[in-house]
Amino acid sequence: MSRRHLFAFAATVAATFTLGALPAAAQGSLNVYCSAQVEWCQAAANAFQKETGIRVNMSQKGSGEVLAQIRAEAQNPRGDLWFGGTGDPHLQAAEDKLTAEYRSPMLDQLHDWARRQAEQSQFRTVGIYAGAMGFGYNPELLARRNIAPPACWKDLLDARFRNEIQMANPQSSGTAYVMIATIVQLMGEEPAFEFLRGMHRNVNAYPRSGTGPIKAVARGETGVSISFVHDAVTERLGGFPVQYVVPCEGTGYEIGSMSIIAGSRNERNARRFYDWALTPAAQQLGAETKQFQTPSNRSTPVPAEAPQMSQIRLIDYDFARYGSSAERRRLIERWDREVNSLPR
Amino acid sequence: MRSAGLWSSALALAAALLLPWYMVQDGILVLSFSNGGWLTDPDGAPALGLILTDGRWWLWPAVLAPVLGLVAALVPLPRPTRSWLFLLAGGVGLALLAAQGWSIGPRGWMILWLQGQFGETEARQYGIGWGGTVVSAALCVLFAAGFAGRGAFRGDAFTATVAVVLTIAIGVFTALPILQMMAGAFRDAGGAFAPTSAVTRLVDDRLWSLGCLAGAPRCGVVWNTLLLALLTATGTTALGLAFALLVTRGRLRLARPLRWLTVLPIVTPPFILGLGLILIFGRSGLLSQAASAWFGIELGRWIYGLPGLLLAQLFAFTPIAFLVLIGVVEGLSPTLEEASQTLRADEKITFRTVTLPLLLPGLANAFLLGFVESIADFGNAVVLGGSFNVLATEIFFAVVGAQADAGRAASLSLILLVLTLVVFFLQQRATGKKSYVSISGKGDAGLPPPLPKGVRRLCLAVAGTWAALTIGLYALAFLGGFVEVWGRDYTPTLRHFVKAFSIEGGQFTGLAWNSVLTTLELAAISAPITAALGILAAWLFSRTRFAGKGALEFATLLSFAVPGTVIGVAYLAAFNLPPLELAGTGAIIVACFVFRNLPVGLRSGMAAMAQIDGSLDEASHTLGGGGMDAFRRVVLPLLRPAIVAGLTYSFVRAMTTVSAVIFLVTAETELATVFIVNRIINGDYGLAISTSLVLIVLMLVVLGVMNLLVGSRRIGRRAVAVTAASPAPLPGAVA
Amino acid sequence: MTRAAEVRFENVTKRYGGTAKAVNDVSFTIPAGTLCTLLGPSGCGKTTTLRMIAGLEYPTEGRVLIGGKDVSALPPAERDVSMVFQSYALFPHMNVLENVGYGLTVSRQPKAKVREAARAALDSVGLSGFEERLPSELSGGQQQRVAVARALVLEPSVLLFDEPLSNLDARLRRRMREEIRDLQQRLGVTVAYVTHDQAEALAISDKIIVMNQAVIAQEGTPRDLYEAPANAFVAGFVGEANRLPATLSHRQGDMAQVTIGSATLSLPHRGAAEGAVQLAVRPEAVELLDVADPATTLRGTVAKAAYLGGLMEYTLTTEAGDVFVIDSHTQRQRGVGEVVGLGLGQRGIAVLPA
């Protein structure tokens, strides 16, 4: 019945009163939910379309939103492929079988971390880039207040950062959860929560969005943030005074992922995009659109501005354990109970 | 009644014979008429074609029901018999069509026990197209005509049709998605039915704790929400009243510009206002920097939390209160105030004892709207909330956050709904029983009295501060569109506009073109529908009595009370499957706009209707006009201000909504607000602001044109005060 | 206009919501071409009755017939009636001509015809030249005429008035009621007219239906009601009446002996049983006498006296209670404290059950 599915979809599109008839191109089409930066999404869509003649409908949304949307559409999926966004929601989708299993022939060319993630998810998702966790800070603001920038996790406990630190709220932000999972793996669970309680005194707010803290740093609303370092680079290129540091004890990282949506109507095209997105040529588009995560294909050149993953002490992040819904819920609830409810 | 039955049956039959039943692949108007092949083509065939050539016997009701209606209308029959037949044809036809639509889906049976009963089926059905839609709609009218024939709705087919269509539309587009989603409150995280989990979620300490009173760092989310909503509703109502009074009675030369100024915040896309406030009041904002440089005072981060949130909501929602109240203040009959003055009440006493009480329904409406807007507001809360959590953000992050707990989102939505319900009930209690008729059929005359001096001064002070702040805020915000980096590098540039709206060789190559044009188109489609439905509903609710009116009235409020994100997810889930397969189309966005903005049109319509004496409608009825005449020729012209308000509001809301549609947009239907939000998330403020600016200018132009076209109400109050009038009679008074 | 139709109520009851009845089992007939007044105090159900004729309310039980046709479930637009509202219900956004022409406009008549008929109707109420005005630019009386013209232009077989004169001053009220009566007679149309003003009702009606507490208290010609009220309520509501306690004895044929104080009168008993009764005595039916026979007249002392130009008003204290008297003999004024005889004839006195 795939022909009928296609028709139904085309009919849906066509009945959009606004745009009238839009006959599908000969090569068919592909509906991509993109959780990377919009320039990157657009560049990827254009490049793929140019190369294959497949029409790409690109819709850019945050990874949490895409997950919610895929869940809502599960009975009658409208998207085919989910490109980019932090790995956790991809893993969750895989856990709930919302995404389809696919072993790309490109897997061999990838970094170990990317391949391992694919294996852990029964090949329902794959890493396309990685980004390390670190601190962003506003050098102008810190200088004005005579505060030395932090260098290690333990510096964040120092009284000089009283009311100067922001991290996102892990109840809503995947970024913040990566931070908690990182220090739990780095220090062990009990010392980690001891650390979080100590740092809580220095935190002025737990914003809802993962990129909230680094934007607050950029606008001078807070001195220090806990963020992905590539986000700090993005802000700096936007013209704001932002520097980043990678903690001396070592740090965790996210794996930006890609999944094919289960029950996709254009599965063949989706697989084609999947393979294509893992090639060095496609992965270079990230840097071309000023996104400085580390690409997952070993032979993709890494741009000079990008934080060099090889020079960062990365922990051996256990995505299988800390990506599971149960562990996540347990840690977040513990954080809410033992840290968030404390007075400052 | 008979003619309504006749034309609706005929229309339904024509649609069943000619229009493609399912959604067509090649667009709406493309039918190959040349060989008549479309009549039997399985993809584009009308109902009859499908029945005859494809064996889809379950579509017979689509043909037989209209035939029955037609027969009943044409054969001479006594009125009661004909009415029964209309009811039967319309009601049973609709029910059967709905039943088949929800039984057979794109993968065969949609209900498990049917599959158990009848085994696998080869039949596959997709979303209904024009044929299905027109047949169903016409059967609704037929059903209503039958209803009217039985004596319901004063025997008027038009009124009955309005009632039936509204009921079905609100049922399908408001109640269905929301109730379906609410059912999620009774499921656990895995999706299984678990009523106890709802209880656990609802008594959660995070919701109800009053710890902050005892020194704990935070209070329950519900209390936060309630506190904020009460403050916002009170504030916006007071501010709105101040503006309405100033504009209509302040004898102010600046009344017009002031009026436009109040419109500005409503036409502002979300987030811009919050960001502007941070830029002024934030820790590194202009004010804080000035305070630190000149006085050495650190103002700190006070803007994050309740104060900032309240400030932003006051900015954002005062105009809504103003729009509601201006209609009421303008409609106030000056003779009543003149009467008071002749009774030895001075200006102040008159204002307090006559003017204010007469404004009560309007004030109550404005308060209700402010309250509901506040508890559903997501955009400001997410930017300025800090650690002050409210339900709207909690719900959003329960849906999309790291925990992705749909059940919790549903439970929280339930609480939001209950809050709305309580306020709605209180508002009804406060104003429901009294009569505030002020435009009676007796030609009425008089001059509105000027405001008492004290009141005028107060209004001026409040409005002046507000106006100055607004101007400052916007000047600063708009600056962002013309400088390199907002809040950082103030080198002037036009590059953001070039990037967003460049046109090269007749091609729209700017990044923002696509979304702006789509937004305009969808807003232009939805605004008139919203306004029309809102006014019709207001008319129906205030002029007829029927069973279930209260429930229906409340149901319209549902979609307004629930935060946009919840609506978005609920819509996606409800309209993702046939027969109402709207997801991914512009239609679902239009439906979302219409039913989400309906309550405002409805409330302002009802406030205005409360001032129009019911005997005007009755006069029209006794003069031989049907319900349609009374509505079109009498009520509509008198409701012009309310219509302008409804049109304006729904258009603007459609242009500025983001949270409700974020899940509904696709690449084809990307909206400008979603585009702007994504730019802000990416820190590209210049592009976001330049797009916002263009949107704002567009909206202002449209609003101006609308105001000109609709014009102001012609009641012909005299310029010179004459005798005091007798008190206006109650509508439908029983002697 | 010869299409006047009869209006008939058959056991009509109207309930709002629960059990409270606005109109309780009411039956009456308004003969074609007559002016019938529904009279009664506020809340007696008269306006509800009128609105049921119009089709603005539907009876809960019983039937409403116009011209012999059952219209109980018909909407107002499908009944051949039109109505003049208490508030006039002039459309404030339409000028006088548009208001008057409204009924024809909505029945899809050609514009020229509408205009012509509306002008004619305006002419008939003496408002030529006001076509372009808005209702708010007219005086109360003019608005009233516009409302009448608007109702007339449809040439309905039944015309309804709901307290049409209550918003006018006394002088205008008298003139307007005469005009309405003239118009009705000239056109021969059936009119149902609601008022709470008994003088108005007496002045213009062919027939009056007095309602009280959702039921008909009495119906009949003005004369019937005035001279032979069926009960104390009607006696008190239609015109003024002194109610005096009396005793009835010796019924014989239509007549009976009625003893009031020391006097005994021979009056029609009108069905009252022997024993205690009430006498309803019209103020102008009492003749003041200098010399009186105590067997046939009552004696009283003048307590109050007022000179009203054309007549005198007295309040007299008698053994049967205070009696209010209107005396047209203004030449013979009586002072306070003077003792007079009260001559009671047969007219203007009615026996009512106690």
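Because the structure is predicted, anything quoted here is derived from the model rather than measured.

Points about the overall build of chain B
Then, number 1: Looking only at helices and strands, chain B features 31 helices and six strands.
Then, number 2: Within chain B, buried positions represent 58% of all 735 residues.

Let's talk about the overall build of chain A
Then, number 1: Counting its secondary structure elements, chain A contains 14 helices and eleven strands.
Then, number 2: For 344 residues, the compact-globule estimate of 2.2 N^0.38 gives 20 Å, and chain A sits close to it at 21 Å.
Then, number 3: Relative to its full complement of 344 residues, chain A shows a buried share of 57%.
Then, number 4: Intrachain contacts of chain A at a sequence separation of at least 6 include 77% that bridge at least 24 residues.

Focus: the nonpolar core
Then, number 1: Counting 445 residues, the largest nonpolar core has Ala144 and Cys592 of chain B together with Leu160 and Ala192 of chain C as its most contacted members.
Then, number 2: Ignoring any residue separated from it by four or fewer positions in sequence, one finds Cys592 of chain B in contact with Ile567, Tyr571, Ala660, Val661 and Leu664 of chain B.

With respect to unusual backbone geometry
Then, number 1: Residue Lys97 of chain A is not a glycine yet carries a positive backbone phi of 60 degrees.
Then, number 2: If you trace the backbone, Lys97 of chain A turns up in the loop between helix H4 (87–95) and strand E4 (99–100).
Then, number 3: For Lys97 of chain A, a count of 12 C-beta atoms within 10 Å corresponds to the exposed category.
Then, number 4: Located in the positive-phi region is His250 of chain C, a residue other than glycine, with phi close to 50 degrees.
Then, number 5: Relative to the helices and strands, His250 of chain C resides in strand E11 (residues 242–252).

Some thoughts on helix H4 (residues 140–152) of chain C
Residues and elements named next belong to chain C.
Then, number 1: Helix length check: H4, at 13 residues, gives a terminal C-alpha distance of 18 Å against a target of 18 Å (1.5 Å per residue), a fit within 8%.
Then, number 2: A large share of H4 lies buried, amounting to ten of its 13 residues.
Then, number 3: Among the residues of H4, Gln143, Gln144, Arg145, Val146, Ala147, Val148, Ala149, Arg150, Ala151 and Leu152 are the ones counted as buried.

Some words on the sheet that holds strand E9 (residues 207–212) of chain C
All names here are of chain C.
Then, number 1: Across the sheet, six strands lie side by side as E6-E7-E8-E3-E9-E10; this open sheet has mixed pairing. Of all strands in the sheet, those with a lone pairing partner are strand E6 (81–84) and strand E10 (215–220), marking the two edges. Taking the axes of each pair of neighbouring strands and ignoring which way they run, one obtains an average angle of 20 degrees across the sheet.
Then, number 2: Against the sheet, helix H1 (residues 46–54) makes contact with strand E3 (35–39), E6, strand E7 (158–162), strand E8 (190–195) and E9, and its axis sits at roughly 150 degrees relative to E7, the strand it touches most.

As for the arrangement of the chains
Then, number 1: Take the two pairs of chains in contact: the one carrying the most contacts is chains A and B.
Then, number 2: The two units chain A and chain C are non-contacting; their minimal C-alpha-C-alpha distance is 35 Å.

Some points on helix H28 (residues 627–638) of chain B
Then, number 1: An ideal rise of 1.5 Å per residue puts 16 Å on twelve residues; H28 of chain B measures up with 16 Å between its terminal C-alpha atoms.
Then, number 2: Residues of H28 of chain B that are buried in the fold lie against helix H7 (157–182), helix H23 (513–543) and helix H27 (614–622) of chain B together with helix H2 (96–106) of chain C.

Brief notes about the sheet that holds strand E16 (residues 297–307) of chain C
Residues and elements named next belong to chain C.
Then, number 1: Across the sheet, five strands lie side by side as E15-E19-E16-E17-E18; this open sheet has antiparallel pairing. Strand pairing shows two members of the sheet lacking a second neighbour, strand E15 (286–289) and strand E18 (321–327), which therefore form its edges. Looking at each pair of strands side by side, their axes are set apart by 45 degrees on average, direction ignored.
Then, number 2: As defined by bridge partners, E15 adjoins strand E19 (residues 339–344) across four bridges and the pair is classed as antiparallel. Considered in E19, the bridge of Glu287 is made with Gly343.

Thoughts on the environment of Glu670 of chain B
Residue and element names in this part refer to chain B.
Then, number 1: Of note, Glu670 is situated in the loop between helix H29 (640–656) and helix H30 (672–681).
Then, number 2: Note: C-alpha distance between Glu670 and Leu517 (153 residues apart in sequence) is 9.5 Å.
Then, number 3: With sequence-adjacent residues up to four places away left out, Glu670 is seen in contact with Asn514, Ser515, Thr518, Val665 and Phe675.

Focus on the confidence of the model for chain A
Then, number 1: With 92% of its residues at a pLDDT of 70 or more, chain A has an overall mean of 83.
Then, number 2: Here residues 1–26 of chain A is a poorly scored stretch, pLDDT under 50, and it has 56 contacts once near neighbours within four places are set aside; other chains count.

Overview of the pairing of E7 of chain C
Residues and elements named next belong to chain C.
Then, number 1: Across the five residues of E7, five count as buried, placing the element largely inside the fold.
Then, number 2: The pairing of E6 with E7 spans four bridges and is parallel. The residue bridging Val81 from the neighbouring strand is Val158, located in E7.
Then, number 3: Here five bridges tie E7 to E8, and the two strands are oriented parallel to one another. The residue bridging Val158 from the neighbouring strand is Thr190, located in E8.
Then, number 4: Between E7 and its parallel partner E8, the chain crosses via helix H5 (residues 170–187), and the hand of that crossover is right-handed.

Considerations on the pairing of strand E12 (residues 255–260) of chain C
Residue and element names in this part refer to chain C.
Then, number 1: Residues Ala256, Val258 and Ile260 line the buried face of E12, whereas the alternating positions Met255, Gln257 and Thr259 sit on a face that is not buried.
Then, number 2: Across four bridges, E11 lies against E12 in antiparallel orientation. Across the sheet, residue Gln252 finds its bridge partner in E12, namely Met255.
Then, number 3: Between the antiparallel neighbours E11 and E12 lie two residues, among them Gly253 with a positive phi of about 60 degrees.
Then, number 4: Of the pairings in the sheet, the one linking E12 to strand E13 (residues 263–268) comprises six bridges and is antiparallel in character. Looking at the pairing, Val258 lines up with Leu265 of E13.
Then, number 5: Taking the residues between adjacent antiparallel strands as the criterion, E12 and E13 are bridged by two residues, where Gly261 takes a positive phi near 60 degrees.

Structural notes on the domain arrangement of chain A
Accessible area lost on assembly of the parts is the figure often given for the size of an interface.
All names here are of chain A.
Then, number 1: Here the domain parsing of chain A yields domain 1 (2–130 + 254–307) and domain 2 (132–252 + 325–340).
Then, number 2: Once you take the C-alpha centre of each, domain 1 and domain 2 turn out to be 29 Å apart.
Then, number 3: Taken residue by residue, the interface counts 13 residues in domain 1 and eleven residues in domain 2.
Then, number 4: Considering only residue class, the side of domain 1 that touches domain 2 consists of three nonpolar, five polar and five charged.

Structural notes on the environment of Pro80 of chain B
Then, number 1: Along the chain, the position of Pro80 of chain B falls in helix H4 (residues 79–103).
Then, number 2: Sequence spacing of Pro80 of chain B and Gly151 of chain B is 71 residues, and the spatial spacing of their C-alpha atoms is 9.2 Å.

Structural notes on the packing of helix H10 (residues 221–249) of chain B against helix H14 (residues 306–331) of chain B
Working note: a packed helix pair is described by the angle between its axes plus the distance between those axes.
All names here are of chain B.
Then, number 1: Orientation of H10 relative to H14, taken along the N-to-C sense of each, is 45 degrees, at an axis distance of 6 Å. Comparing the axis directions of H10 and H14 gives the class oblique. As for the relative orientation of H10 and H14, their crossing is right-handed in sense.
Then, number 2: Taken together, the residues that form the contact of H10 with H14 break down as 18 nonpolar, eight polar and one charged.

Here is what the cut-offs are and how they apply
- Residues numbered from 1 in each chain as written.
- Chains lettered and ligands numbered in written order.
- Predicted model: local features only at pLDDT ≥ 70, side-chain atom pairs only at ≥ 80, totals over all residues.
- Helix = DSSP H or I, 4+ residues; strand = E, 2+ residues; numbered from the N terminus.
- Buried ≥ 20, exposed ≤ 12 C-beta atoms within 10 Å, placed from the backbone.
- Rg over C-alpha atoms; globule rule 2.2 N^0.38 Å.
- Contact = placed C-beta atoms within 7 Å.
- Core = buried A, V, L, I, M, F, W, Y, C linked by C-beta atoms within 7 Å.
- Expected span 1.5 Å × (residues − 1).
- Pairing = 2+ DSSP bridges.
- Axes fitted to C-alpha atoms, helices over the stretch in contact; angles between N-to-C directions.
- pLDDT = per-residue confidence, 0-100.
- Right-handed = clockwise from strand over helix to strand, strands pointing away.
- Domains from an automatic or database assignment.
- Nonpolar A, V, L, I, M, F, W, Y, C, P; charged D, E, K, R; others polar.
- Parallel < 35°, antiparallel > 145°, perpendicular 65-115°, else oblique.
- Left-handed = near helix turned anticlockwise from the far one by under 90°.

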